[in-house]
Amino acid sequence: MSKSLKVVIACGGTGGHLFPGIAVAETLKARGHDVMLLISKKSVDREASAKYGDLRFETVEAVAKPKTLSPRMIPFLWRLWKTAGTCKRLLKQYQADVVLGMGGFTSLPPVYAGHRLGLKTFVHDSNARPGRANILTSRFCTRVFLGVKEGKPFFTNRDTVVTGTPVRAEMVNLPSRAEGAAAFGLDPSRPVLLVMGGSQGAKRLNDLAAESSSKLPAGIQVLHIAGTLDFDRVKATVAGREGYVVVGFCDKMALAYAASDLILARSGASSLTEVAHAGLPSILVPFPYSADDHQIRNAEVFSNAGAAELVHERDLDAGKLANLASGILNDLQTRERMAQAARALDTPDASARICDAIEATLH
Ligand SMILES: CC(=O)N[C@H]1[C@@H](OP(=O)(O)OP(=O)(O)OC[C@H]2O[C@@H](n3ccc(=O)[nH]c3=O)[C@H](O)[C@@H]2O)O[C@H](CO)[C@@H](O)[C@@H]1O
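Predicted, not measured: the structure shown is a model, and the values here were computed from it. (Residues numbered from 1 in each chain as written. Predicted model: local features only at pLDDT ≥ 70, side-chain atom pairs only at ≥ 80, totals over all residues. Heavy atoms only, no water.)

A short note on the overall build of the chain
Thought 1: Counting its regular elements, the chain contains 15 helices and 13 strands.
Thought 2: Referenced to the eigenvectors of the C-alpha coordinate spread, the extents of the chain come out at roughly 60 × 50 × 35 Å.
Thought 3: Taken across its 363 residues, the chain has 55% of its residues classed as buried.
Thought 4: Sequence-distant contacts, at least 24 apart, represent 64% of the contacts inside the chain between residues at least 6 apart.
Thought 5: As displayed, the chain has an accessible area near 15,700 Å², and 53% of this comes from carbon and sulfur atoms.
Thought 6: Each charge class in the chain can be summarised by its mean position, and for the 44 positive and 35 negative side chains these summaries are 8 Å apart. (Helix = DSSP H or I, 4+ residues; strand = E, 2+ residues; numbered from the N terminus. Buried < 20%, exposed > 50% of the residue type's maximum accessible area, 1.4 Å probe, protein only. Contact = heavy atoms within 4.5 Å. Areas by Shrake-Rupley, 256 points an atom, 1.4 Å probe, with all protein chains shown as cover. Lys, Arg positive; Asp, Glu negative; His and termini not counted. Charge placed at Lys NZ, Arg CZ, Asp CG, Glu CD.)

Below is the structure:
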């Protein structure tokens, strides 16, 4: 076997960074390497990492960028500098060989620290419109990994490779529909609409889905992942509606996908990667305020491929949503065509490709 490496993966701040980081960590560990994951102290990171007790997590300060001309810019730059110092100490103590950032400003200090220490450094960007933090971080990287080819033009003069976005080991072989339905108390013989708003929920999407529930044909079931903060409110809105299951934070996403026939979601890159992997048709309602409209660009990749219906939130109401969802669920041909198009976007070996590329630069 080749030399065992010590790899630090910075993946804090949101599920869209954390879960692909966990996926790479699982593959690296299976190959005999040692991994330390850096996350933030935010509750979303604590909640999302809770079930991965066999991985080593360390927390560093989350650094979120304010608007460029905001007076909060100076404290931000100071925190960035201070966190880079903390990361440098952590990397030295751990004797890291490699630093991989999974995106966002939380990746910048550890990657910069790794670069200053002369380590091999990488950043992964999963979006069709890459984030500004990643474009900046890429200046300190040996190589840039991309979730989709649409991201490539944003990294001029950088060594980029399209790897896809990794999915966690538990998603690789999805459970059966019957197991999925049983896990949420659903009837496997009736169609299921899975509603999910990303790792931190989505209030407006939650409202639209809950309001449309009374307009959906009675046979259709809904599995609604509302997010921890919105759980009570959504549950109260749909109280008494038969076949409507509400979950706060879901720590069994593989079972949720396995139980479902159609997805209603925002268009965060990790969610979309999983939807492609599960081969499910989707209705995508991009978050209208996502940075540089990256969620719209992500959704366009799916709608252009025929895998999803892209609907802007401003054009949607509960009635339209119910019609759209029941139209797709009742049309088996459309469902199968969209499902096939989704499967064609799957990149099941993303984690392996990233690990191969890391190993290749060190051996
Ligand atoms: C609002 C916003 O700007 N979100 C961004 C954030 O992702 P954000 O974390 O919002 O969302 P993503 O869709 O990328 O990922 C969500 C992840 O959380 C998991 N999950 C979700 C809910 C739950 O209850 N349980 C659970 O495990 C999903 O399975 C998925 O793996 O970073 C992504 C990657 O840069 C971007 O594409 C998103 O646009």
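Observations regarding the site of the ligand
Thought 1: As a matter of local geometry, the ligand sits amid 23 residues, with Thr14, Ser199, Ser271, Glu274 and His294 nearest to it.
Thought 2: Contact between the ligand and Gly16: an oxygen atom at 2.8 Å from a main-chain N or O atom of the residue.
Thought 3: At 2.5 Å, a side-chain N or O of Ser271 approaches an oxygen atom of the ligand.
Thought 4: When the free accessible area of the ligand is taken as 760 Å², the share hidden by the protein chains comes to 88%.
Thought 5: Elements with a contribution of two residues or more to the shell around the ligand: α1 (15-30), α11 (269-278) and α12 (294-304).
Thought 6: The residue inventory of the shell around the ligand, partitioned by class, reads 7 nonpolar, 14 polar and 2 charged. (Near = heavy atom within 4 Å. Polar contact = N/O pair within 3.5 Å; in protein donor to acceptor, adjacent residues only side chain to side chain. Nonpolar A, V, L, I, M, F, W, Y, C, P; charged D, E, K, R; others polar.)

Description of the packing of aromatic side chains
Thought 1: Per the stated rule, a full pass over the model turns up 5 aromatic pairs.
Thought 2: Judged by centre distance (5.5 Å) and plane angle (85°), the rings of Phe76 and Phe105 are edge-to-face. Remark: Phe105 occurs in the loop between β4 (98-101) and α4 (108-116) and Phe76 occurs in helix α3 (residues 73-94); sequence separation between them is 29 residues. Here Phe76 and Phe105 have matching classes, each one buried.
Thought 3: Of the aromatic side chains, those joined through ring pairs into one cluster are Trp81, Tyr112 and Phe140.
Thought 4: Over the ring of Tyr94 we find Lys6; its NZ or CZ atom is 4.6 Å from the centre of that ring.
Thought 5: The ring of Phe19 carries the charged tip of Arg168 above its face, separated from the ring centre by 3.6 Å. (Phe/Tyr/Trp six-rings, centres within 6.5 Å; stacked < 30°, edge-to-face > 60°. Lys NZ or Arg CZ within 6 Å of the ring centre and 35° of its normal.)

Observations concerning empty space enclosed by the protein
Thought 1: Taken as a whole and judged by the stated rule, the model has 1 cavity of 30 Å³ or more.
Thought 2: When its volume is computed, the largest cavity comes out at roughly 40 Å³.
Thought 3: What lines the largest cavity is Ala10, Gly12, Leu38, Ile39, Ser40, Val60, Glu61, Ala62, Thr106 and Pro110.
Thought 4: Grouping the amino acids of the lining of the largest cavity by side-chain chemistry returns 6 nonpolar, 3 polar and 1 charged. (1 Å grid on protein atoms, 1.4 Å probe; cavity = no way out; pocket = protein on both sides within 12 Å on 5 of 7 lines; lining within 4 Å. Points joined across faces, edges and corners; volume = space filled by probe spheres on them.)

Re the sheet that holds strand β8 (residues 192-196)
Thought 1: The strand order across the open sheet built from 6 strands is β10-β9-β8-β11-β12-β13, with neighbouring strands paired in parallel fashion. Because the sheet does not close on itself, it has two edges, and the strands there are β10 (244-247) and β13 (308-310). The sheet shows a mean angle of 15° between the axes of neighbouring strands, taken without regard to direction.
Thought 2: Packing against the sheet, helix α8 (residues 203-212) makes contact with β8, β9 (221-225), β10 and β11 (262-265), and its axis sits at approximately 160° to β9. (Pairing = 2+ DSSP bridges. Axes fitted to C-alpha atoms, helices over the stretch in contact; angles between N-to-C directions.)

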